[in-house]
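Here are the chains, one letter per residue:
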Amino acid sequence: MIDKSTKTLTRAAILLAVALVFQFVKMGQLVTGSGINAVLIVAAQICGLPWAAAIGAITPFMSVVLGVNPPALIPVVPFIVAGNILYVVVYSILKTKGKIIGVGLAALLKFGLLYSAVNYFVAVKPPIKVALSFPQLFTALMGGAVALIIIKVLDRTQKTEE
């Protein structure tokens, strides 16, 4: 029998791998961003906040280190990490009040942080400013919606196995 901590670690590792695959596939910001945001919410739900935060911290660094995103994004990486962590923290806190509310507010706050970062704190070129503005709200909402569907399916699958 596999203990709970091993099962959680395995799930988190698989979700991190899925997030990295989204980065490598390079299907554009809509698909990649939504996919990674979905992974973050699923991780928060099934692995817990610490693992989801770890995935949210690792993925922005890996995207630059592995050449998925350009070096011009380096000054914004700490804000992307903070945005990802804020996203999973807010969802984790609010999910008991309603998962949809959790995703919605988490997406809004992540967007607000990234929008503020590129418009008030870090000087970046216009394409990066655009990419880290309103598209972030959309990908966070879209990823959260996909995650909620996945979570519902996982819950149903788990209930039928019991």
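Residues numbered from 1 in each chain as written. Predicted model: local features only at pLDDT ≥ 70, side-chain atom pairs only at ≥ 80, totals over all residues. Heavy atoms only, no water.

1. With respect to the layout of surface pockets
Line of reasoning, step 1. The space that makes up the largest pocket amounts to roughly 550 Å³.
Line of reasoning, step 2. Taken together, 25 residues make up the lining of the largest pocket; nearest its centre are Gln-29, Thr-32, Gly-33, Asn-69 and Gln-136.
Line of reasoning, step 3. Within the residue set of the lining of the largest pocket, elements represented by two or more residues are helix H2 (29-46), helix H3 (49-65), helix H4 (77-94), helix H5 (99-121), helix H6 (126-131) and helix H7 (134-161).
Line of reasoning, step 4. In terms of residue count, the dominant contributor to the lining of the largest pocket is H2 (five residues).
Line of reasoning, step 5. Of the residues assigned to the lining of the largest pocket, the class counts are 11 nonpolar, 12 polar and two charged. (1 Å grid on protein atoms, 1.4 Å probe; cavity = no way out; pocket = protein on both sides within 12 Å on 5 of 7 lines; lining within 4 Å. Points joined across faces, edges and corners; volume = space filled by probe spheres on them. Helix = DSSP H or I, 4+ residues; strand = E, 2+ residues; numbered from the N terminus. Nonpolar A, V, L, I, M, F, W, Y, C, P; charged D, E, K, R; others polar.)

2. Here's the deal with the nonpolar core
Line of reasoning, step 1. If you look at the biggest cluster of nonpolar residues, it comprises 31 residues, and the most contacted ones within it are Leu-15, Ile-41, Ile-55, Tyr-87 and Tyr-91.
Line of reasoning, step 2. Within the residue set of this core, elements represented by two or more residues are helix H1 (4-25), H2, H3, H4, H5 and H7.
Line of reasoning, step 3. Beyond its immediate chain neighbours, meaning those up to four positions away, Tyr-87 contacts Asn-37, Leu-40, Ile-41, Val-103, Ala-106, Ala-107, Lys-110, Ala-140, Gly-143 and Gly-144.
Line of reasoning, step 4. Formed by nine residues, the second largest nonpolar core is a distinct cluster that contains Leu-73, Val-76, Leu-114 and Leu-132. (Core = buried A, V, L, I, M, F, W, Y, C linked by side-chain atoms within 4.5 Å. Buried < 20%, exposed > 50% of the residue type's maximum accessible area, 1.4 Å probe, protein only. Contact = heavy atoms within 4.5 Å.)

3. Let's talk about the packing of aromatic side chains
Line of reasoning, step 1. Counted according to the given criterion, the structure contains four aromatic pairs.
Line of reasoning, step 2. Through a chain of ring-to-ring contacts, three or more aromatic side chains come together here, namely Phe-111, Tyr-115 and Phe-134. (Phe/Tyr/Trp six-rings, centres within 6.5 Å; stacked < 30°, edge-to-face > 60°.)

4. A look at the environment of Gly-143
Line of reasoning, step 1. On the secondary structure map, Gly-143 appears in helix H7.
Line of reasoning, step 2. In the structure, Gly-143 is positioned 12 residues away from Ala-131 in sequence and 16 Å away in space, judged by C-alpha atoms.
Line of reasoning, step 3. Among all residues touching Gly-143, those that are not within four sequence positions of it are Ser-34, Asn-37, Ala-38 and Tyr-87.

5. Observations regarding the side chain of Thr-8
Line of reasoning, step 1. For Thr-8, the position within the fold is in helix H1.
Line of reasoning, step 2. Residue contacts for Thr-8: discarding those within four places in its chain leaves Cys-47 and Trp-51.

6. What about the environment of Ile-101?
Line of reasoning, step 1. By the element assignment, Ile-101 lies in helix H5.
Line of reasoning, step 2. By relative accessible area, which is 52% here, Ile-101 ends up exposed.
Line of reasoning, step 3. Each C-alpha atom, one on Ile-101 and one on Tyr-87, is 12 Å from the other, the two residues being 14 residues apart in sequence.

7. Some details on the side chain of Ser-34
Line of reasoning, step 1. For Ser-34, the location among the structural elements is in helix H2.
Line of reasoning, step 2. Judged by relative accessible area, which is 8%, Ser-34 ranks as buried.
Line of reasoning, step 3. A polar atom in the side chain of Ser-34 sits 2.6 Å from the backbone oxygen of Leu-30.
Line of reasoning, step 4. Filtering out sequence-adjacent residues up to four positions away, Ser-34 remains in contact with Gln-29, Thr-139, Met-142 and Gly-143. (Polar contact = N/O pair within 3.5 Å; in protein donor to acceptor, adjacent residues only side chain to side chain.)

Spatial relationships are all this shows, so hold off on functional conclusions.
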